[in-house]
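Coordinates in review
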Amino acid sequence: MNSRDRVLARIRSALAGAPDAPAGPRDYLAAHVPDDPAAVLDLLHENLADYRALVHRTDGAGLPGLLARLLAARGSATVLVPPGLPPQWLAGTAATRVADRAHSTAAELDEVDSVVTGCALAIAETGTIVLDGGPDQGRRRITLIPDHHVCVVRAPEQIVASVPQAMERLDPGRPLTWISGPSATSDIELDRVEGVHGPRTLEVVLVVS
Amino acid sequence: MSGTFVGMPAFPAAARDAVHDPTLRATLRHATHTIRDKRARAVAELPDWQRLREAGKRVKDHTLRHLDRYLLQLEESVVLAGGTVHWAADADEANRIVADLVKATGEREVVKVKSMATQEIGLNEALAAEGITAYETDLAELIVQLGHDRPSHILVPAIHRNRGEIRDIFRAEMGAWGRPAPDGLGDSPAELAEAARLHLREKFLRARVGVSGANFMVAETGTLVVLESEGNGRMCLTLPETLISVVGIEKTVPTWRDLEIFLQTLPRSSTAERMNPYTSMWTGTADGDGPSVFHLVLLDNGRTDTLADEVGRQALRCIRCSACLNVCPVYERAGGHAYGSVYPGPIGAILSPQLRGTTSEIDASLPYASSLCGACYEVCPVAIDIPEVLVHLRERVARQGGPGHRVEKAAMKAASWAMDRPAVLAAAERAATRTRRLHLARLPGAGAWTAERELPRIPEKSFRDWWKEREE
């Protein structure tokens, strides 16, 4: 008997005669905030900031100027660009664009100052942005290695109130990264310190239409 | 389970040393009280907490009831998504599978995401015996590994170390493992985290094999989920070419939608956050993004024995949040090492004796490492009735006998004899009240119990006498 059969046989014998255990009700709330796009946007803003993301608001016309200012303020000379990022987003910056090519090594990406991406959606109640590897987000590694990540969220269409609402819209077949504030650790006397291995600075730009 | 803890003294002896270490007690008290207060605030934000808790409990019980079916579905989904599935009946088998997979890549080192399952099976030691170095990349695990130490908490394995001790460990040990600590390293958490960042970055950027566990596995889709904070998890899960995940079979949930329950309850219960900074979800392999080879090792190692126990199987609902450790008055004073396992605290007191059996001295002592105050049950996000299982396991230990249990059995036998004979009992009670001034404050021969406790005073009259007078 191989181990697969052995483990399965042990499970079946352990459960012989056990009573049925139906999964039970899902009577928890679908969301904890009223269905009001302005309130949900404010809550996202507040919760992102609470976990030390830097949050900015602009509209479509103001986005290129804002992104240029954020990169300049940081002194970023190079910026990683996912393959499907709308080119006009970075129309205002002088920073050199770096594409994430299949053969780019992690060490090469480590030399880049900033990365700018879109997102799949953002969750207001938890202050979370979710990336799913879409064309405006790129591979998981490009939002991980540079020390500065700027993420653009389109309001209201990319914002959901709650985790259950996010699950409905996400595709489990794609690699997903949920980000709530910048990298942090609480391993030393439970003091929270931002920035260990992921980007130490997370800036979220809410583009309100 | 791991050989790491073999030879540990039983809980009372191990706890005595910890209780008499004032630095350890202060560090633990500060940490557990900080986190428990924050957790209470995070949970209070959700008015439907009890309903989420019940839903999580029911989903887990349902999964366990049909675990064979869901594991087969999981296997199929993972294979469809491009992964390979291995089954390991015990620790040795799991370690051998991982060692062979690493060797097949031609590599001699792996980077690791913090994982309870790989600690439980002693994977690092097993790999070392095969000439493979496993680098722990979680900050707390790094502190434990560099300090030649053992983890003492599920979530914060180095909770027993203060900042000064951590600085000393980094200064003394980092150089032997790679990039040394910066000159003049201070003891602020920010400086220490920066030193860890520099030390580990060179390992991440060259790593070709990553090893992880998982918080959840979704049978329906084959998705694995890891929750973390630092980004070391993302590094290990996405930069290497080969990813090997070792996961206990009880981590399965049936559907994608089930995750919505646990992604609300786990972060708030464990780190007291609305959401942990990073969550990674992957389904097999993805073209050009992340590892091109993915292996899943499904681990039994005592879990099916636990499943066979009708009362004890609820321990398999555990999502390893560690909320029960932080509220436990016994853990707070004894510390994690006293439990002699990678699973300390109340959950460890019921999980370890079930995974390993109750034949060793330490495992037989663990069901008694509790005051049965019930705080662990109150905070558990999947409603594991830890006190119920503790009492159940005490019965098991008592049945197998031992010196303490022989005295207890004799006392109980005498008591039941007297209680079956009302006249004898009445006479004994009367005799006791009349001689109450002569009684000792401590009972000789039962030192383990009475050394720390006063005996209750005998009342002036027996209940029967009081009742009789009241009737008159």
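Summary of the structure given here. All values reported here derive from a predicted model rather than from experimental measurement.

**Side note on the overall build of chain B**
- Across its full length, chain B holds 23 helices and 10 strands.
- Across its three principal directions, the C-alpha atoms of chain B cover 90 × 55 × 45 Å.
- Expressed as a percentage of the 472 residues in chain B, the buried residues total 59%.
- For chain B, long-range pairs separated by at least 24 residues make up 73% of all intrachain contacts whose partners lie at least 6 apart in sequence.
- Just so you have it, chain B exposes about 19,100 Å², and 53% of that area is on carbon and sulfur atoms.
- One way to put it: in chain B the 59 positive side-chain charges average out to a point 7 Å from where the 62 negative ones average out.

**A closer look at the overall build of chain A**
- Secondary structure summary: chain A contains five helices and 12 strands in total.
- Seen through its principal axes, chain A has C-alpha atoms that stretch 70 × 45 × 40 Å.
- Burial status across chain A gives 57% buried among its 209 residues.
- Accessible area of chain A: about 8,200 Å², with a carbon and sulfur share of 52%.

**So, the sheet that holds strand β8 (residues 159-160) of chain A**
- What the eight strands build is an open sheet, ordered β8(A)-β5(A)-β6(A)-β9(A)-β9(B)-β6(B)-β5(B)-β8(B); its pairing is mixed. Strand pairing shows two members of the sheet lacking a second neighbour, β8 of chain A together with β8 (252-253) of chain B, which therefore form its edges.
- As paired strands, strand β6 (residues 223-228) of chain B and strand β9 (residues 278-283) of chain B are joined by six bridges and run antiparallel to one another. The residue of β9 of chain B that forms the bridge with E228 of chain B is Y278 of chain B.

**Quick notes on the interface of chain A and chain B**
- Counting residues at the interface gives 72 residues for chain A and 92 residues for chain B.
- For the pair chain A and chain B, the summed buried area comes to about 7,200 Å², and 57% of that belongs to carbon and sulfur atoms.
- For the pair chain A and chain B, the number of links is 12 salt bridges.
- Put simply, R197 of chain B and D147 of chain A hold a salt bridge, and the shortest N to O gap is 3.1 Å.
- Across the chain A-chain B interface, the total number found is 42 residue pairs in polar contact (both at pLDDT 80 or more).
- Those elements giving two or more residues to the side of chain A that touches chain B turn out to be α1 (3-15), α2 (37-50), α4 (106-109), α5 (163-169), β9 (176-179), β10 (184-188) and β11 (191-194) of chain A.
- Tallying contributions element by element places α1 of chain A first for the side of chain A that touches chain B, with 10 residues.
- By residue class, the composition of the side of chain A that touches chain B is 34 nonpolar, 18 polar and 20 charged.
- Pairing geometry for β9 of chain A and β9 of chain B, over four bridges, is antiparallel. Within β9 of chain B, the position partnered with L176 of chain A by the bridge is M281 of chain B.

**Side note on unusual backbone geometry**
All names here are of chain A.
- Between A155 and the following residue, P156, the backbone shows a cis peptide bond with an omega angle of 0 degrees.
- Tracing the backbone through its elements, the reader meets P156 in the loop between β7 (148-155) and β8.
- A positive phi angle, near 70 degrees, is found at R52, a position not held by glycine.
- Turning to its location among the elements, R52 is positioned in the loop between α2 and β1 (54-58).

What counts and how
Residues numbered from 1 in each chain as written. Chains lettered and ligands numbered in written order. Predicted model: local features only at pLDDT ≥ 70, side-chain atom pairs only at ≥ 80, totals over all residues. Heavy atoms only, no water. Helix = DSSP H or I, 4+ residues; strand = E, 2+ residues; numbered from the N terminus. Buried < 20%, exposed > 50% of the residue type's maximum accessible area, 1.4 Å probe, protein only. Contact = heavy atoms within 4.5 Å. Areas by Shrake-Rupley, 256 points an atom, 1.4 Å probe, with all protein chains shown as cover. Lys, Arg positive; Asp, Glu negative; His and termini not counted. Charge placed at Lys NZ, Arg CZ, Asp CG, Glu CD. Pairing = 2+ DSSP bridges. Buried area = accessible area lost by both parts, 1.4 Å probe. Salt bridge = Lys/Arg side-chain N within 4 Å of Asp/Glu carboxyl O. Polar contact = N/O pair within 3.5 Å; in protein donor to acceptor, adjacent residues only side chain to side chain. Nonpolar A, V, L, I, M, F, W, Y, C, P; charged D, E, K, R; others polar.

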